[in-house]
Amino acid sequence: MVLAHSTHTWLPLTEKWIFNQVNHIHALSQIVICDKEDVAFPPLVKTYCNPRSPFDLRQRIRNKLGWPDEFRQKVLSKYDDIILFSHYGNQGFNDLKLRKQKHITRFYGYDLTRTMQANPLWKIRYEKLFDECDLFIVEGNHMKNILN
């Protein structure tokens, strides 16, 4: 069983809490799949960084059409049993079509409030995420109430 962390950027100085999450999981093999590396901490696990820019037109079109991310799909195809751990709600939505046994999405804050305020389409996307994802992690009861 492999725990595959999917996140936009791995691992800027301002996201030490993700580093701590990965660092304290010992029961499973882990990998990280990201669009961009900004490594402020020592590498802990095998990291796959997309060689294409996150602003690549082809990938943006695929995202708009709801197609799975080619790079992430290729990485995940190397492994058999996958638990996909999407960091941030918008990443969870983008990862819905990827091959996996289980899917966990963790919300951190801006992905609940700012994302939905900036684009009302995210309310519909999050409803789809809530229907299809297996487990959600939030930072306390306030975030849980926002999701309800």
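Each remark here, short or long, concerns the structure printed above.
Model, not experiment: these values are computed from the prediction. (Residues numbered from 1 in each chain as written. Predicted model: local features only at pLDDT ≥ 70, side-chain atom pairs only at ≥ 80, totals over all residues. Heavy atoms only, no water.)

Go over the packing of aromatic side chains with me, naming the residues and quoting the values.
Tallied over the full model, the rule gives 12 aromatic pairs. Geometrically, the ring pair formed by Tyr 88 and Tyr 110 is tilted, given 5.3 Å between the ring centres and 50 degrees between the ring planes. Pair noted here: Tyr 88 is in the loop between strand S4 (82-87) and helix H4 (89-94) and Tyr 110 is in the loop between strand S5 (102-106) and helix H5 (114-118), with a separation of 22 residues, a long-range link. By relative accessible area, which is 10% here, Tyr 88 ends up buried. In this structure Tyr 110 comes out as partly exposed when scored by relative accessible area, which is 35%. (Phe/Tyr/Trp six-rings, centres within 6.5 Å; stacked < 30°, edge-to-face > 60°. Helix = DSSP H or I, 4+ residues; strand = E, 2+ residues; numbered from the N terminus. Buried < 20%, exposed > 50% of the residue type's maximum accessible area, 1.4 Å probe, protein only.)

Which residues make up helix H6 (residues 121-132), and what values go with them?
Between its first and last C-alpha atoms H6 spans 17 Å; for 12 residues at 1.5 Å apiece the expected length is 16 Å, and the two agree. Here H6 has its buried residues at Trp 122, Arg 125, Tyr 126 and Leu 129. For H6, the buried positions fall inside an angular range of 100 degrees around the axis, keeping them on one side. Those residues of H6 that are exposed and aimed more than 90 degrees away from the buried face are Lys 123, Ile 124 and Asp 131. (Expected span 1.5 Å × (residues − 1). Arc of directions from axis to C-beta.)

Just give me the short version of the pairing of strand S1 (residues 2-10), but keep the residues and values in it.
For S1, the tally of buried residues reaches 8 of 9 residues, placing the bulk of the element in the interior. The sheet contact formed by S1 and strand S2 (residues 29-37) spans 8 bridges and is parallel. Bridge pairing in S2 places His 5 opposite Val 32. Since S1 and S2 lie parallel, the crossover through helix H1 (residues 16-23) that links them has a hand, and here it is right-handed. Bridge analysis of S1 against S4 gives 5 bridges, and the strand direction is parallel. Looking at the pairing, Leu 3 lines up with Ile 83 of S4. (Pairing = 2+ DSSP bridges. Right-handed = clockwise from strand over helix to strand, strands pointing away.)

Please set out the pairing of S2 residue by residue, giving values where relevant.
Where a strand is regular, its side chains alternate between the two sheet faces. Sheet topology note: the S2/strand S3 (residues 46-49) ladder contains 4 bridges and is parallel. Across the sheet, Ile 31 pairs through a bridge with Lys 46, a residue of S3.

Go over the sheet that holds S1 with me, naming the residues and quoting the values.
If you walk across this open sheet you meet the 6 strands as S3-S2-S1-S4-S5-S6, and the pairing is parallel. Every interior strand has two partners, whereas the edge strands, S3 and strand S6 (135-137), have only one. With strand direction ignored, the average angle separating the axes of adjacent strands in the sheet is 20 degrees. Pairing between S4 and S5: 5 bridges, direction parallel. Residue pairing across strands places Ile 83 opposite Lys 102, the latter belonging to S5. (Axes fitted to C-alpha atoms, helices over the stretch in contact; angles between N-to-C directions.)

Describe the pattern of salt bridges, naming the residues involved and giving the relevant values.
According to the stated counting rule, one finds 8 salt bridges in the structure shown. One salt bridge in this structure joins Asp 35 and Arg 72, with 2.9 Å as the shortest N-O distance. Residue Asp 35 is located in strand S2, and its partner Arg 72 is located in helix H3 (residues 70-76); the two are separated by 37 residues in the primary sequence. Its relative accessible area of 12% is what places Asp 35 among the buried residues. Residue class for Arg 72 comes out buried when judged on its relative accessible area of 1%. Between Glu 139 and Arg 106 there is a salt bridge, and its shortest N-O distance comes to 2.3 Å. Separated by 33 residues along the polypeptide, Glu 139 in the loop between S6 and helix H7 (141-147) and Arg 106 in strand S5 bring together distant segments of the chain. (Salt bridge = Lys/Arg side-chain N within 4 Å of Asp/Glu carboxyl O.)

Remember, this is a structural readout, not a statement about activity or role.
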